[in-house]
Amino acid sequence: QVQLVESGGGLVQPGGSLRLSCAVSGITFSRAAMSWYRQAPGKSREFVAGITSAGGSTNYADSAKGRFTVSRDNVKNTVYLQMNNLKPEDTAVYYCKAVYTPWVKGYDYWGQGTQVTVSS
């Protein structure tokens with residue numbers, strides 16, 4: 001059974017930091033490209049950051065560039081999102097996504113999400 005479990009969300013003041021974690025089990029983690037998405041109330045889910053299976057390449061949404069850093073530990077089967085200088089508009093439920101490619105075809109898996117609230 002594939003599981004993606006996010007943690008690390010919470011309430012933080014503007015300008016503060018949080019580090020989200022997503023622990024993955026049930027797949028060969030090193031064969032999964034990982035990404036973070038978020039969904040604010042009344043809005044569609046949007047891409048935040050992604051990292052390749054070996055961790056050699058990352059990409060970010062414009063809103064995340066310079067403030068967020070995605071990383072992974074292929075020993076701990078965990079992907080992280082370090083978020084600095086948080087803004088109220090970063091308030092959302094954050095989800096991690098795995099695109100698992102054991103051979104040719106890729107399979108998508110999602111976590112259940114963790115709430116991030118940025119407010120004074």
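In the block above lies the structure referred to throughout.
Just so it is clear, the structure is predicted and the values come from calculations on it, not from any experiment.

## Structural notes on the sheet that holds strand S3 (residues 18-25)
Spatially, the four strands line up as an open sheet ordered S1-S3-S8-S7, and their pairing is antiparallel. With one partner strand each, in any of the chains shown, strand S1 (3-7) and strand S7 (68-73) form the two edges of the open sheet. This sheet shows a mean twist of 15 degrees between the axes of neighbouring strands, independent of strand direction. In this sheet, strand S8 (residues 78-83) lies alongside S7 in antiparallel orientation, the contact comprising six bridges. Directly across from serine 71, in S8, lies its bridge partner tyrosine 80.

## A few points about the side chain of arginine 67
Along the chain, arginine 67 turns up in the loop between strand S6 (58-60) and S7. Owing to a relative accessible area of 9%, arginine 67 belongs among the buried residues under this scheme. Within the structure, the side chain of arginine 67 is placed 2.7 Å from the backbone oxygen of serine 63, a separation counted as a polar contact. Setting aside its immediate chain neighbours within four residues, arginine 67 contacts Gln82, Met83, Asn84, Asn85, Leu86, Lys87 and Asp90.

## Some remarks on the nonpolar core
Counting 28 residues, the largest nonpolar core has Met34, Trp36, Leu81, Met83 and Tyr94 as the members making the most contacts within it. Elements with a contribution of two residues or more to this core: S3, strand S4 (32-39), strand S5 (46-51), S7, S8, strand S9 (92-100) and strand S11 (114-118). Examining the composition of this core, we find that five residues originate from one element, S9, more than from any other. Apart from residues lying up to four places away in sequence, tyrosine 94 is in contact with Glu6, Leu20, Trp36, Tyr37, Arg38, Val48, Phe68, Leu81, Met83, Gly113, Thr114 and Val116.

## Looking at the packing of aromatic side chains
According to the stated counting rule, one finds two aromatic pairs in the structure shown. An angle of 80 degrees between the planes, with centres 5.6 Å apart, marks the rings of tyrosine 37 and phenylalanine 47 as edge-to-face. You can see tyrosine 37 sitting in strand S4 and its partner phenylalanine 47 sitting in strand S5, a full ten residues away along the chain. By relative accessible area, tyrosine 37 is classed as buried at 18%. Residues tyrosine 37 and tryptophan 110 carry aromatic rings whose centres are separated by 5.0 Å and whose planes lie at 65 degrees to one another, so their mutual orientation is edge-to-face.

## Some remarks on the pattern of salt bridges
Side-chain pairs of opposite charge can arise whenever the charged atoms involved come near each other. Per the stated rule, a full pass over the model turns up five salt bridges. The partner of aspartate 108 in a salt bridge is lysine 97, and the shortest N-O contact between them spans 3.8 Å. In this pair, aspartate 108 sits in strand S10 (residues 107-110) while lysine 97 sits in strand S9, placing the two residues eleven residues apart along the sequence. A residue is classified by how much of its surface remains accessible, and aspartate 108, at 46% relative accessible area, is partly exposed. The class for lysine 97 is buried, based on a relative accessible area of 13%. Several salt bridges share partner residues, and in doing so they unite Arg38, Glu46, Arg67 and Asp90 into one network.

Here is what the cut-offs are and how they apply
Residues numbered from 1 in each chain as written. Predicted model: local features only at pLDDT ≥ 70, side-chain atom pairs only at ≥ 80, totals over all residues. Heavy atoms only, no water. Pairing = 2+ DSSP bridges. Helix = DSSP H or I, 4+ residues; strand = E, 2+ residues; numbered from the N terminus. Axes fitted to C-alpha atoms, helices over the stretch in contact; angles between N-to-C directions. Buried < 20%, exposed > 50% of the residue type's maximum accessible area, 1.4 Å probe, protein only. Polar contact = N/O pair within 3.5 Å; in protein donor to acceptor, adjacent residues only side chain to side chain. Contact = heavy atoms within 4.5 Å. Core = buried A, V, L, I, M, F, W, Y, C linked by side-chain atoms within 4.5 Å. Phe/Tyr/Trp six-rings, centres within 6.5 Å; stacked < 30°, edge-to-face > 60°. Salt bridge = Lys/Arg side-chain N within 4 Å of Asp/Glu carboxyl O.

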